[in-house]
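# A look at the structure
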Amino acid sequence: MSGTSPALQPPVDAVKPVRHPDAPAPGELLGAHYGQCFGCGGDQPHGLHLAARAGEGVTITAEFTVQPAHQGAPGLAHGGVLASALDETLGSLGWLLRTIAVTGRLETDFLLPVPVGTTLHLAAEVTAVAGRKIYSTATGRIGGPDGPVAVRADALFVEVKVEHFTDHGRPEEIRAALDDPDQVRRARAFEVNP
């Protein structure tokens, strides 16, 4: 990515990421980490409803279709929505590491307009890990998984404890997520986001 800031350059002692042995299998649909999530939640009427799948190694692929509610300029996706799609895809990488992490920094390049009705094909991978810091990159393509790159991002995620969410989130949502009898959904509710 052009112009990546020094904060997104892994230090010399960074290590290659390792996929957790309990990570979802390649090709497996990850599902929403939380129903109310703007990025992947099915309970958000104007959300992205992004569908992510585990890839090989520490990679994710995802798709979302730009809806009229996602417009910035007439007929085109809002840049913030595209950044949200990249952030959501990058955040899903933590599920392959089995690490709870939040976005520390996200740098995005917008290369092509993305019209309403377009499906954005996203691909993300972890490039390095240094202590609690997770370095990653993503692209969003139009016209198919091998189409032209419309958006791309580099990111730094920071590993946190679940208390990051329970101490700062709205109590009624935290309680609802913690009371969910589905252990996987309960764990994934606190997977990503600042």
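What comes next concerns the included structure. Nothing here was measured: the structure is a model prediction, and the numbers come from that model.

The next thing to look at is the overall build of the protein. Helix and strand content of the protein: 5 helices and 6 strands. Helices and strands in the protein line up, N terminus first, as β-β-α-α-β-β-β-β-α-α-α. Each of the 194 residues in the protein was classed as buried or not, and the buried ones make up 43%. Contacts in the protein between residues at least 24 apart in sequence constitute 66% of all its contacts with a sequence separation of at least 6. Looking at the protein as shown, the accessible area adds up to about 9600 Å², and 54% of this sits on carbon and sulfur atoms.

Counted under the stated rule, the structure contains 0 disulfides. Here Cys 37 stays unpaired: no disulfide links it, and the sulfur of Cys 40, its closest cysteine neighbor, is 3.8 Å away. On the basis of relative accessibility, which here comes to 8%, the residue Cys 37 falls in the buried class.

Bringing the side chain of Thr 103 into the picture now. Position of Thr 103 relative to the elements: it lies in strand β3 (residues 101-110). Within the structure, Thr 103 has its side chain in polar contact with the side chain of Asp 87 (distance 2.7 Å).

Leu 50, Phe 64, Leu 90, Val 114, Leu 120 and Leu 122 are the most contacted members of the largest nonpolar core, which has 36 residues in total. Those elements that place two or more of their residues in this core are β1 (51-54), β2 (59-65), α1 (79-92), α2 (94-97), β4 (119-130), β5 (133-142) and β6 (149-159). In this structure Leu 120 touches Ala 62, Glu 63, Phe 64, Leu 82, Val 114, Gly 140, Arg 141, Ile 142, Ala 150 and Val 151, once residues within four positions along its chain are discounted. The next biggest cluster of nonpolar side chains, apart from the first, holds 5 residues, and it includes Leu 8, Ala 130, Tyr 135 and Leu 156.

Once that is clear, we can look at the pairing of β6. Most of β6 is tucked away: 8 of the 11 residues are buried. Sheet topology note: the β3/β6 ladder contains 9 bridges and is antiparallel. Across the sheet, residue Thr 103 finds its bridge partner in β6, namely Phe 157. The pairing of β5 with β6 spans 9 bridges and is antiparallel. By the bridge assignment, Thr 139 is partnered in β6 with Arg 152.

To continue, consider unusual backbone geometry. For His 49, which is not glycine, the phi torsion reads 55° and is therefore positive. Looking at where His 49 falls in the secondary structure, it is placed in the segment before β1. Given a relative accessible area of 39%, His 49 falls into the partly exposed group.

Another aspect to go through is the pattern of salt bridges. Counting across every chain of the model gives 2 salt bridges. A salt bridge links Arg 152 to Asp 109; its shortest N-O distance comes to 3.3 Å. Of this pair, Arg 152 sits in strand β6 while Asp 109 is found in strand β3, placing the two residues 43 residues apart along the sequence. Overall, Asp 109 belongs to the buried group, its relative accessible area being 17%.

With respect to the helices and strands, Thr 118 occurs in the loop between β3 and β4. The buried category is assigned to Thr 118, whose relative accessible area is 16%. In terms of polar contacts, Thr 118 uses its side chain to reach the backbone carbonyl oxygen of Pro 115, at 2.8 Å.

Cut-offs and rules
- Residues numbered from 1 in each chain as written.
- Predicted model: local features only at pLDDT ≥ 70, side-chain atom pairs only at ≥ 80, totals over all residues.
- Heavy atoms only, no water.
- Helix = DSSP H or I, 4+ residues; strand = E, 2+ residues; numbered from the N terminus.
- Buried < 20%, exposed > 50% of the residue type's maximum accessible area, 1.4 Å probe, protein only.
- Contact = heavy atoms within 4.5 Å.
- Areas by Shrake-Rupley, 256 points an atom, 1.4 Å probe, with all protein chains shown as cover.
- Disulfide = S-S within 2.5 Å.
- Polar contact = N/O pair within 3.5 Å; in protein donor to acceptor, adjacent residues only side chain to side chain.
- Core = buried A, V, L, I, M, F, W, Y, C linked by side-chain atoms within 4.5 Å.
- Pairing = 2+ DSSP bridges.
- Salt bridge = Lys/Arg side-chain N within 4 Å of Asp/Glu carboxyl O.

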